[in-house]
Amino acid sequence: MNSVPITLGQLLELGLLPEHEVLGGASGLHRPVRVVVGSDVHEIPELAPGSVAVFGREQLVLDDLAVDLAVRLAGSAGLSGIIAAHPHRRIPFVTTRLADRLALPLIGVPDIAPAAVVTAFDPYVRAPEIAGLKVLGEVARRFQRPPADAQALVSSLTAAVGEPVALVDAESRLLAGDPAVHALLDGAAVRLGERHPVAATTGTDDEGLLLHPVQADPSGPAVCWIVVRRPRFGTGVLLEPVRNAIAIAALSFALHVAGEAVRTEREHRRRSLLLNEILEQPEELGSRSVERATALGWRLAGWHTAVQVQVSALPAAVRVSALGSELEERLTEHGMPVTPVERAEGWMFWTTSEAAADPADPGPLIGWIVRTLAAIEAEHPGLRLCAGIGGAHPGAAGIGRSAEQARQAALLARTAHRPAAVEHIDAASTRRLLAGWYGTAALRGATAELLAPLDAADPSGALVRTLRCYLDCQSSAKAAGEVLGIHRNTVMQRMDRIAELLPADLGDPDDRLAVHLATRAVGVEWDES
Amino acid sequence: MEQVAEECVEDVVRGALHFGSGGGGDPYLGQQLVVAAIRRHGPIRLLSPETLAPDTPVLPVVSGGTPVALTEKVHGTLEARTLRSVVEARIGRECAAVLPVQLGSVNVAVALAVAAELGLPCLDTDLMRRTWPSIDMTLLRLFGYSAAPITVVGGAGVVAEFSRGADAVLGGLLRAVMPGLGLVALISAYQVTAGDCARFHAGGSISDCARIGAALAEVAPAQEAGFEPYLRACGGRLVCSGTVAELVQRYGEGWPRGVVSLRTPEGLVRLDFQNENLIVSREGAVLATVPDLIGIADSDTGALQQTVDLVTGQEVRVITGPVDHRWHTPEGLTMVGPRAFGYPVDAVRFDGAVSAGQGRSAEQGRSAERG
Amino acid sequence: MSGLRVGVDATAAVALDEHDRIRAVRHGDTPARMLEQLLTRDIEAAVIDRVVAILPDPEPAELKAGARVAVLRIGAPATTAIPPLAAWPARELAMLAGPVTVVRGGHEYDGRVSAPLDLAAVTEFAHGCAGIAGAVAVAGVHGLEYPEHERLAAALLAEQLSVPVIRGGETEALGLLERENTAVLDAAMTAAVDARIGELTAVLSARQPNAELFVLRGDGTVLPAHRARRHATALIGAARAAALHGAVRLAGTASAVVVEARSDAAVVGRVRGGLLPGAGRLREIAGIRTGVRTPRPVVVSRRQAGFPDRFGAALARMRAGHDELPVVVLGDLADEIAGVPVIRPPDGELAAVLGAATAEAAGSVDRIFWQGAGDRQESANRARRLARDAAVRAGADPRTLRETPVRAALTTYVPVPAARLQVTAIGALLQPAPVTP
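Report on the accompanying structure. What you are looking at is a predicted structure, and each value in this text was computed from that prediction instead of being measured.

Here the focus is the overall build of chain C. When you go through chain C residue by residue, the secondary structure sums to 11 helices and 21 strands. By the compact-globule yardstick of 22 Å for 437 residues, chain C fits well, its C-alpha radius of gyration being 23 Å. By its C-alpha atoms, chain C is 60 × 50 × 50 Å across when sized along the principal axes. Going through the 437 residues of chain C one by one, you find that 57% of them count as buried. When the accessible surface of chain C is totalled, it reaches about 17300 Å², and 53% of it is carbon and sulfur. Taking the average place of the 49 positive charges on the side chains of chain C and the average place of its 48 negative ones, the gap between the two points comes to 3 Å.

It is worth spelling out the pairing of strand β6 (residues 150-154) of chain B at this point. All names here are of chain B. With five of its five residues buried, β6 lies for the most part within the structure. Here β6 shows a buried face lined by Ile-150, Val-152 and Gly-154 and a second buried face lined by Thr-151 and Val-153. As defined by bridge partners, β6 adjoins strand β7 (residues 159-162) across four bridges and the pair is classed as antiparallel. Its bridge partner lying in β7, Thr-151 is registered against Glu-161. In textbook terms, the turn of a hairpin is the stretch between consecutive antiparallel strands, and for β6 and β7 this stretch comprises four residues, one of which, Gly-157, has a positive phi near 85°. In the sheet, β6 pairs with strand β8 (residues 184-188) via four bridges, with the strands oriented antiparallel. Bridge pairing links Gly-154 to Ala-185 in β8.

Glancing now at the environment of A:Ala295. By secondary structure assignment, the location of A:Ala295 is in helix α9 (residues 287-295). Here the alpha-carbon distance between A:Ala295 and A:Ala456, two residues 161 residues apart in the chain, equals 51 Å.

Residue and element names in this part refer to chain A. Strand order across the open sheet formed by five strands is β7-β6-β10-β9-β8, with antiparallel pairing between neighbours. Each edge of the open sheet carries a strand with a single partner, namely β7 (174-177) and β8 (200-202). Across the sheet, the mean angle from the axis of one strand to that of its neighbour is 20°, orientation sign disregarded. Note: strand β6 (residues 165-169) against strand β10 (residues 224-229), five bridges, orientation antiparallel. Across the sheet, Leu-167 pairs through a bridge with Ile-226, a residue of β10. Packing of helix α6 (residues 150-161) onto the sheet brings it into contact with β6, β7 and β10, and relative to β6 it is tilted by some 145°.

So, on to the interface of chain B and chain A. Contacts between the two partners involve 26 residues from chain B, matched on the other side by 20 residues from chain A. For the pair chain B and chain A, the summed buried surface comes to about 2100 Å²; carbon and sulfur atoms form 58% of the total. Three residues stand out in chain B for area buried against chain A, namely B:Leu268, B:Arg270 and B:Glu283, and they jointly supply 30% of the buried area on that side. At the junction of chain B with chain A, the criterion picks out four salt bridges. With a closest N to O distance of 2.3 Å, A:Arg101 and B:Glu283 form a salt bridge. At the boundary of chain B with chain A, the tally comes to 11 residue pairs in polar contact (both at pLDDT 80 or more). Those elements that place two or more of their residues in the side of chain B that touches chain A are β9 (237-250), β10 (257-264), β11 (267-273), β12 (277-282) and α12 (361-370) of chain B.

Contact residues are listed per partner, giving 52 residues for chain C and 49 residues for chain B. For the pair chain C and chain B, the summed buried area comes to about 4400 Å², and 55% of that belongs to carbon and sulfur atoms. It is C:Arg317, C:Leu410 and C:Tyr413 that lose the most area in chain C upon contact with chain B, and together they represent 18% of the buried surface on that side. Summed over the shared surface of chain C and chain B, the result is eight salt bridges. The closest approach of N and O atoms between C:Arg317 and B:Glu315, which form a salt bridge, is 4.0 Å. In this assembly, chain C and chain B are joined by 31 residue pairs in polar contact (both at pLDDT 80 or more). Elements with a minimum of two residues in the side of chain C that touches chain B: α3 (90-96), α6 (176-207), β14 (288-294), β20 (407-410) and β21 (418-427) of chain C. Ranked by residues supplied to the side of chain C that touches chain B, first place goes to α6(C) with five residues. In terms of residue class, the side of chain C that touches chain B is built from 29 nonpolar, 12 polar and 11 charged.

On to the side chain of B:Glu315. Here B:Glu315 lies in strand β15 (residues 315-321). Residue classification places B:Glu315 among the buried positions, given a relative accessible area of 14%. In this structure the side chain of B:Glu315 is engaged in a polar contact, spanning 2.5 Å, whose partner is the side chain of B:Thr243. In contact with B:Glu315, not counting residues within four places along its chain, are B:Gly242, B:Thr243, B:Ala297, B:Asp298, B:Ser299 and C:Arg317.

This part is about the environment of A:Leu502. Residues and elements named next belong to chain A. For Leu-502, the location among the structural elements is in the loop between α17 (488-501) and α18 (509-521). Each C-alpha atom of the pair Leu-502 and Gly-367 lies 40 Å from the other, and the pair is 135 residues apart in sequence. Among residues more than four places away in sequence, those in contact with Leu-502 are Leu-450, Leu-451, Leu-454, Leu-467 and Val-515.

Moving on: the nonpolar core. In terms of nonpolar packing, the biggest core is built from 121 residues, with B:Val4, B:Ile44, B:Val58, B:Leu112, B:Ile150 and B:Tyr230 touching the most fellow members. Looking at this core, the element that brings in the most residues is helix α5 (residues 105-118) of chain B, giving 11 residues. Discounting residues that sit within four places of it in the chain, B:Val58 has contacts with B:Leu52, B:Cys95, B:Ala97, B:Leu99, B:Leu123, B:Val192, B:Thr193, B:Ala194 and B:Cys197. With 76 residues, the next largest nonpolar core counts C:Ala15, C:Ala46, C:Leu410 and C:Val423 among its residues.

For the rest of this paragraph, the subject is the arrangement of the chains. Comparison of the two pairs of chains in contact shows the highest number of contacts for chains B and C. Separated without contact, chain A and chain C have their nearest C-alpha atoms at a distance of 13 Å.

Using the criterion set out here, one finds seven aromatic pairs over all chains in the structure. Each ring, one from B:Tyr145 and one from B:Phe200, has its centre 5.7 Å from the other, and the planes form 80°; the classification is edge-to-face. With a gap of 55 residues between them, B:Tyr145 in the loop between α6 (139-142) and β6 and B:Phe200 in helix α8 (residues 194-200) connect regions that are remote in the sequence. We classify B:Phe200 as buried; its relative accessible area is 10%. With 5.8 Å between their ring centres and 25° between their planes, C:Phe307 and C:Phe311 make a pair best called stacked. Placement of both C:Phe307 and C:Phe311 in helix α9 (residues 307-319) is noted, with a separation of four residues, approximately one turn of the helix. Members of the aromatic cluster, connected to one another through ring pairs, are B:Trp132, B:Trp327 and B:Phe341. Between B:Arg130 and the ring centre of B:Trp132, over which it is positioned, the NZ or CZ distance is 3.8 Å.

Of the consecutive residues B:Val290 and B:Pro291, the connecting peptide bond is found in the cis state with omega at 10°. Following the sequence through the fold, B:Pro291 ends up in the loop between β13 (285-289) and β14 (293-298). Cis geometry marks the peptide bond from C:Ala76 to C:Pro77, where omega comes out at 5°. Topologically, C:Pro77 is positioned in the loop between β5 (69-76) and α3.

This part is about the side chain of C:Glu108. Mapping C:Glu108 onto the fold places it in the loop between β6 (97-104) and α4 (119-129). For C:Glu108, a relative accessible area of 9% puts it in the buried group. Only 2.8 Å separates the side chain of C:Glu108 from the side chain of B:Lys73, close enough to count as a polar contact. Non-local contacts of C:Glu108, meaning those with residues more than four positions away in its chain, are made with B:Lys73, B:Gly182, C:Ser114, C:His142 and C:Tyr146.

Definitions and limits used
Residues numbered from 1 in each chain as written. Chains lettered and ligands numbered in written order. Predicted model: local features only at pLDDT ≥ 70, side-chain atom pairs only at ≥ 80, totals over all residues. Heavy atoms only, no water. Helix = DSSP H or I, 4+ residues; strand = E, 2+ residues; numbered from the N terminus. Rg over C-alpha atoms; globule rule 2.2 N^0.38 Å. Buried < 20%, exposed > 50% of the residue type's maximum accessible area, 1.4 Å probe, protein only. Areas by Shrake-Rupley, 256 points an atom, 1.4 Å probe, with all protein chains shown as cover. Lys, Arg positive; Asp, Glu negative; His and termini not counted. Charge placed at Lys NZ, Arg CZ, Asp CG, Glu CD. Pairing = 2+ DSSP bridges. Axes fitted to C-alpha atoms, helices over the stretch in contact; angles between N-to-C directions. Contact = heavy atoms within 4.5 Å. Buried area = accessible area lost by both parts, 1.4 Å probe. Salt bridge = Lys/Arg side-chain N within 4 Å of Asp/Glu carboxyl O. Polar contact = N/O pair within 3.5 Å; in protein donor to acceptor, adjacent residues only side chain to side chain. Nonpolar A, V, L, I, M, F, W, Y, C, P; charged D, E, K, R; others polar. Core = buried A, V, L, I, M, F, W, Y, C linked by side-chain atoms within 4.5 Å. Phe/Tyr/Trp six-rings, centres within 6.5 Å; stacked < 30°, edge-to-face > 60°. Lys NZ or Arg CZ within 6 Å of the ring centre and 35° of its normal.

Encoded structure:
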């Protein structure tokens, strides 16, 4: 049982000896403690090595002459410390220095009852594990319910383990807690962005850290990390329970994070559904939908300019779901209080103005978006965002039209291969888009090949038109039917046919994009210069 | 030595400092006191108690009070005469000589000055053979004499007498009246004859002071070897040389307890003192204790120091010396051994040997060795 | 803008600007003439804030030529076992002693009046002194902490005799004899110090009437000139102390171990925070103990054999426990210091005058405090306050004061609530207020 003995330093850290003072020999606090016994100076030579001798006020006061002898006897008997009455007077220099020299901890306590000290220490000396269990129990109690927020996590854990705690994200930014602990992270060679994070212990005691990942998805990357300064005497048996305690806290916090994610997800889904309704049936919106849109601050009347933001490169450490909230925060920070709605390709939002704006001039919008994206990219190394801005269009239906343009512009931006690429849709940019894709004959040939089965099956071009319209209408059969003047079932039938004929899979975003571009390219007059 | 003339006053007072064991008061004051008395009354005759008829009463004299108070307010000439007349009135006979109660730079000087003032010789002997803090710590008492009656004469003409009672109680009472007397008083105690003094063979006290004082003047303090003349004269040894690292004093029950920490090449040395130096120890190993003498000499001047006057950074040498062998009897140790001053250690002689009167000496030796 | 500071001793006069840079130096004349030349030829229009002078230690002959000092002690019927001057060395006694008396009066350690001051006896003594005594020293029992009787008697004597009256209580020292002796020696030397200060004052009042004159004490701190004339014994040893302080200033630090190498000896001392920690010994002059505490740097003679060894031991001792302090060396002493990193500042020969020009002011307390009425902390606070006041009176700027820890020694033999407390406060000299034209 007593495999790794506890040290006097650890015992003192447990807070079992209130108001104690280490008067000398602090470097000996690492010595293992085998037993704690009440003693008399003359009994010291009989004590076993590793004993801590506790003296009552009658036996020894720390400015007694006998203390020097006690320290020296204890030193040669291999004792691990002396605990005795502190007289609240200056302890002579000879005594403290002697203790220092022999590395024999000399602990002063104002009110000492040796039996009480022995009783308090004994269980921990016999079974050091229980010292850890004490911490563990405390943590388990505190984290029965997930903490309300990061702050609550940090303060509860700090109180339970008695060491400063910090919560950092996967890119080692401080989310909550002790900045000093966060600062210690700099030196620690721990890769927080790992795909399969594991708990870690760094450094030695005093300056080391304990790190534990918080994972919303047990097999996924860490959402954030709990960082705790290593307890001063936290080695061996005492460290393991502390680690376990932190793991409990991490688990508890992961629950909180997951709950938050679900809540956000649900909210996003609601917004998404509402947006779909607006985009698909702008003229038939029910009063409830109008009400909800208004509640979200979405304006249906006026001139709308839609923006679509996409991710063009995603490092492992960044969660797409978290980016949505961050985008919203950043946009708000940059003066655009909008609610981005998650779409298949990214996020979409729009701004609205009362007056008829120049459909081709997005005003200062481009600058705002560029700055917003750049700010987010700067926070996440490796992350690359891009955005497209649609033209300004009136009314509820205008939202959809602008959104479609924004989506197209975003596609162009995505090809730009520069940070925070933002493109605005206008005639020129559409051409540029297409020019970008079909600037070479070889690519045009490939595109032609893509649509060739449709041309072959239906030389009238109806299938290609239907496909283009369907894709233009964001895969809405109803909208496409209206544009084409046919029933939506007809659209659906044609689309089934098209899916069979096409060598590409419309369910795959990349394929769909290629096909969509190919349909848009049909009939464009290319400058063959 | 037959008399104390002005030219040997410095030696006597300097030597008396040796018996002060770190206490006993300021030697400059003592020297001034005796020189002033000799200039007024001529050299002071010293007498061996054997030269007087055995039943001749003598006048034991000691200055009570605290040394710093005495440097501020030294005795008047009147106190000596008052003391003598009160004592002689009580015993109904004339005293033939002054008997120093203790050796120490102030109290040797006070006895000599009182003798000069009264026109009496001074006995070349004393009752303690060193400085002890209480009037009941004498060889006389060790042999069963009572300290009573005690006569106290204050500066303003106040006379108090404690006629009878347990000596420890009387010692306490004596200290209790001192504040009211401005912490300075001339005191006589014990009823002693020249024959009593002769019986105890405590002779040569003043001569010893003069001899040791002369040797101290020969000391070349810069090197440890330079203390040889002094060590030869007092039969002592040099324990260590070191630098004063700290001096702490605290109020306690009774006398303040002090600790001097010394840094020495051989490690830290601790000196526990109250009024005099009581115990010198190195890292828990007791090197010497009361009743032997423990002195501290300044390494620059060679002068023996009053322990309370030591300052941090001062270079000093610790010297221990033997004391009258009767203090090392079991009864002697009970009265003035370390335990009598509240230190639970056994007495160790000036040379590190076990004190003869020690009951538990073997154990002490073992535990000191073991460390 | 602050003006220049001048330091002057028997060998040189130097003027420093506010950044302690040397503006002018004069050598090889009397202090007054070097000062005159410095003021008239070297720095002309510049404003001088202060002049700090190092006076030469008094010669025995000066003591002989000094005044007959009358001594009045307040303390009878106590203290008569050692009357004033009674045990002085015969030679000095013959030189100085005027009328001597002990009158009734004085206090107890706890502030009680031992006896009312015998004013009639004081008056009678004054009559007896007229025409005989060139100066008077007055000292009372417990007069440091309870100075009323001393003050009363001194005022009475000053009224009746037109000679300097020096009180023992002006010297912060334990022991009636120590204070009394100091007062007697100071009284005897007042005229000699006056003469030296007078020469410098004459130059200043002609050339720089607004400049303050200070005199350096034996611990290297200053006294205003008008007070220095009453404390000749306190000025002894100023040259050596100034050299230690100056060496530290030259090295651009506040604390150091200083070695001053001379042809006959090497002096090893230590300066810490502007103070010269010493053994705190009382200075004896011709076998007469004074109440002046004197720093005691170790002097290692070159004439005796084994100089390198003895010097090495002295240096090691001074550095023991102060390893962090740099060692500053003045003069030529190469071989013996091998292995120790040292600073050898330029202008080492000017160390003493520089030490004077940059000196600070200090005040000390060393007396028995009766703690019967208040608590111990209260008396410690009072001791600190007294030390600060003394430093300010010596010229320190109250805003710059720093203090040593209060050292307490309890009374032995008869335990009473009284303790000897010692504390020193020190600070930079108060700059004169800027004068608006």
